[in-house]
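Survey of secondary and tertiary structure
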Amino acid sequence: MKIAVTGGRPVLTRHAEAETCADPSSVMTLLADSDSTTDGFTSYRSTFAQGAVGAPAHFHTKATELFFVISGSLQVLVGEEVTVLETGDFLAVPPHIPHAFAAAPGCEADVLFVFTPGMGRFDYLRLLGRVMRGEADAKEIAASAEQFDNHYVDSPVWRAAREVSA
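Rules used throughout
- Residues numbered from 1 in each chain as written.
- Predicted model: local features only at pLDDT ≥ 70, side-chain atom pairs only at ≥ 80, totals over all residues.
- Heavy atoms only, no water.
- Core = buried A, V, L, I, M, F, W, Y, C linked by side-chain atoms within 4.5 Å.
- Buried < 20%, exposed > 50% of the residue type's maximum accessible area, 1.4 Å probe, protein only.
- Helix = DSSP H or I, 4+ residues; strand = E, 2+ residues; numbered from the N terminus.
- Contact = heavy atoms within 4.5 Å.
- Phe/Tyr/Trp six-rings, centres within 6.5 Å; stacked < 30°, edge-to-face > 60°.

**Considerations on the nonpolar core**
Judged by nonpolar contacts, the single largest core of 29 residues is most densely connected at Phe 48, Phe 67, Leu 74, Phe 101 and Val 111. Within the residue set of this core, elements represented by two or more residues are strand 2 (26-32), strand 3 (42-48), strand 5 (64-78), strand 7 (90-93), strand 8 (99-103), strand 9 (109-116) and helix 1 (122-132). Top element by residues in this core is helix 1. It accounts for five residues. In this view, Phe 48 contacts Ser 25, Ser 26, Gly 54, Leu 74, Phe 101, Ala 103, Glu 108, Ala 109, Val 111 and Phe 113; residues no more than four positions away in its chain are not counted. Judged by nonpolar contacts, the second largest core, of five residues, contains Ala 57, Leu 77, Ala 102 and Trp 158.

**Overview of the packing of aromatic side chains**
Note on aromatic pairs: each is described by the distance of the centres and the angle between the planes. Tallying each qualifying case throughout the model produces seven aromatic pairs. Ring centres of Tyr 124 and Phe 148 lie 5.5 Å apart, and the angle between their planes is 45 degrees; on these two criteria the pair is classed as tilted. Of this pair, Tyr 124 sits in helix 1 while Phe 148 sits in helix 3 (residues 145-148), and the two are 24 residues apart along the sequence. Classification of Phe 148 by relative accessible area gives buried; the value is 6%. Joined through ring pairs, the aromatic side chains of Tyr 44, Phe 48, Phe 67, Phe 101, Phe 113 and Phe 115 make up one cluster.

Structure below.
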């Protein structure tokens, strides 16, 4: 197989060799972190079980977050609007825009995430898994906001949408 190089070094992550982080409702497959990419992106794939909560409302100050729904349905908040992304849908959320996501009501979701520019986020994803499994304190997530450019905010719109989903 020939891999084209366009300014940086190619990044190839074999599925069988990819690290995974699991919690009771999702599995994250870690694909490429910014420390392994010369073009500065981070990418991972998440499979959400039916009813999985995903991420609460938050924003990034530096990165654009890209979502591509491989299969299933993902409920998302973007700003003050809640919508559902279906199989094949793509969403790009620029810096400073509050957003959140979860498996859509009654659905599973398989989603590819990309952050550009990237920053080392795999340790953040590992931390999320430990918190969800009860192996770490949720206060560690709040303490890491600047380090991982993940700033949580209150969203009454998102809370209301999730209450309807419950």
